[in-house]
Amino acid sequence: MKRILFLPILLVAFNIGAQIITDDTETTKEEETPEKVKEVREKSGFELYFGASPSYTFRTLTPNDNLFGEELGERKFEEAAWTTSYAAGVRSKLNKNLLFEIGVGYTSNRETYDFTETDSVYRYINTYRHISFPIRVAYTYGEEISFYGGIGVMPKAFLSLKREITTLDLNDNEVTEDVIVKEKFNFFVIDAIATLGTRIQLNPHYGLFAMLEGRRQLTNNYNEQGPYIRKPYAVGFNFGIQIYL
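The structure contained in this document is the topic of the report that follows. (Residues numbered from 1 in each chain as written. Predicted model: local features only at pLDDT ≥ 70, side-chain atom pairs only at ≥ 80, totals over all residues. Heavy atoms only, no water.)

Examining the side chain of E213
Part 1: Along the chain, E213 falls in strand β9 (residues 206–217).
Part 2: Separated by 2.6 Å, the side chains of E213 and R136 make a polar contact. (Helix = DSSP H or I, 4+ residues; strand = E, 2+ residues; numbered from the N terminus. Polar contact = N/O pair within 3.5 Å; in protein donor to acceptor, adjacent residues only side chain to side chain.)

Observations concerning the layout of surface pockets
Part 1: One number sums up the size of the second largest pocket: a volume of about 220 Å³.
Part 2: Lining the second largest pocket are 16 residues, and of these R75, N126, L161, R163 and Y222 lie nearest its centre.
Part 3: Going through the elements one at a time, β4 (120–132) and β6 (145–168) are the ones with two or more residues in the lining of the second largest pocket.
Part 4: In terms of residue count, the dominant contributor to the lining of the second largest pocket is β4 (4 residues).
Part 5: Split by residue class, the lining of the second largest pocket holds 9 nonpolar, 1 polar and 6 charged. (1 Å grid on protein atoms, 1.4 Å probe; cavity = no way out; pocket = protein on both sides within 12 Å on 5 of 7 lines; lining within 4 Å. Points joined across faces, edges and corners; volume = space filled by probe spheres on them. Nonpolar A, V, L, I, M, F, W, Y, C, P; charged D, E, K, R; others polar.)

Looking at a nonpolar patch on the surface
Part 1: A contiguous nonpolar surface patch, about 940 Å² in accessible area, is contributed by F46, L48, F50, I145, I200, L202, Y206, L208, I241, I243 and L245.
Part 2: No other element matches the 3 residues that strand β1 (residues 46–63) contributes to the nonpolar patch.
Part 3: Topologically, I200 is positioned in strand β8 (residues 188–201).
Part 4: Given a relative accessible area of 32%, I200 falls into the partly exposed group. (Patch = residues over 30% accessible without salt bridge, like charges linked within 9 Å, V, L, I, M, F, W, Y side chains within 5 Å. Areas by Shrake-Rupley, 256 points an atom, 1.4 Å probe, with all protein chains shown as cover. Salt bridge = Lys/Arg side-chain N within 4 Å of Asp/Glu carboxyl O. Buried < 20%, exposed > 50% of the residue type's maximum accessible area, 1.4 Å probe, protein only.)

Details of unusual backbone geometry
Part 1: Positive phi values are uncommon outside glycine, yet D172 reaches one of about 60°.
Part 2: Along the chain, D172 turns up in the loop between β6 and β7 (174–181).

Focus on the environment of L67
Part 1: On the secondary structure map, L67 appears in the loop between β1 and β2 (81–93).
Part 2: For L67, a relative accessible area of 73% corresponds to the exposed category.
Part 3: Considered as a pair, L67 and G226 are 159 residues apart in the sequence and their alpha carbons are 9.8 Å apart.

Some points on the pairing of strand β3 (residues 98–117)
Looking down a regular strand, the side chains alternate between one sheet face and the other.
Part 1: Pairing of β2 with β3, which is carried by 8 bridges, proceeds in the antiparallel orientation. Within the sheet, the bridge partner assigned to S92 lies in β3 and is F100.
Part 2: Counted between consecutive antiparallel strands, the loop separating β2 from β3 contains 4 residues.
Part 3: Pairing between β3 and strand β5 (residues 135–142): 5 bridges, direction antiparallel. (Pairing = 2+ DSSP bridges.)

Section: empty space enclosed by the protein
Part 1: Taken as a whole and assessed by the stated rule, the structure comprises 3 cavities of 30 Å³ or more.
Part 2: The calculated volume of the largest cavity comes to roughly 130 Å³.
Part 3: In this structure, the largest cavity is lined by 16 residues; those nearest its centre are S53, Y86, A87, R136 and E213.
Part 4: Broken down by secondary-structure element, the contributors of at least two residues to the lining of the largest cavity are β1, β2, β3 and β9.

Structure, rendered in structure tokens:
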């Protein structure tokens, strides 16, 4: 009798244990499946970038060759200056090694003048400010750490010329005045740009880039009624972050 009762109890216990193991296995699969799908999901080939470009900037400057032209005068003694530009945009893979980039940013270039004597000071900083739209085609080679070389153009919309003028007041104290100038400048200008450096992939989601960059404005800052032909250039760096989509 004991053997007859023990057999059904054993079968019931076995079925319950098997059901628990099956449920645990299914739960584990349900929990692991989204993670595995996420791990194997491929990126779209697009990426966002955000960068800063500290650059040493100057210009070529010649008198306009029409009736509005003026001699350079003291402007012959202007010097180069550092300034920083910023940009954000999107990159798209054209194939394994080629990228197409388009962005928007703030771009500036400068010139300075400094005349200082014991009882006289005349100093100024001219900052030419633009909204910019950099467009590049770039060649890349490598995986986690890759070579990058890009060329392109950068259309720019003129915002203003900011002049920071420093002189002495009646008490021989230095006083700085900001003057905003918008007249006699071309609204639309364009730069040629070349970039060379490296990109570093930190993980599947984001990375860093560090480049050397050169820019040369192809068109004149001044319009036809302006006194000069001014074409700035810049040599500096371009670094920032990139996010893989």
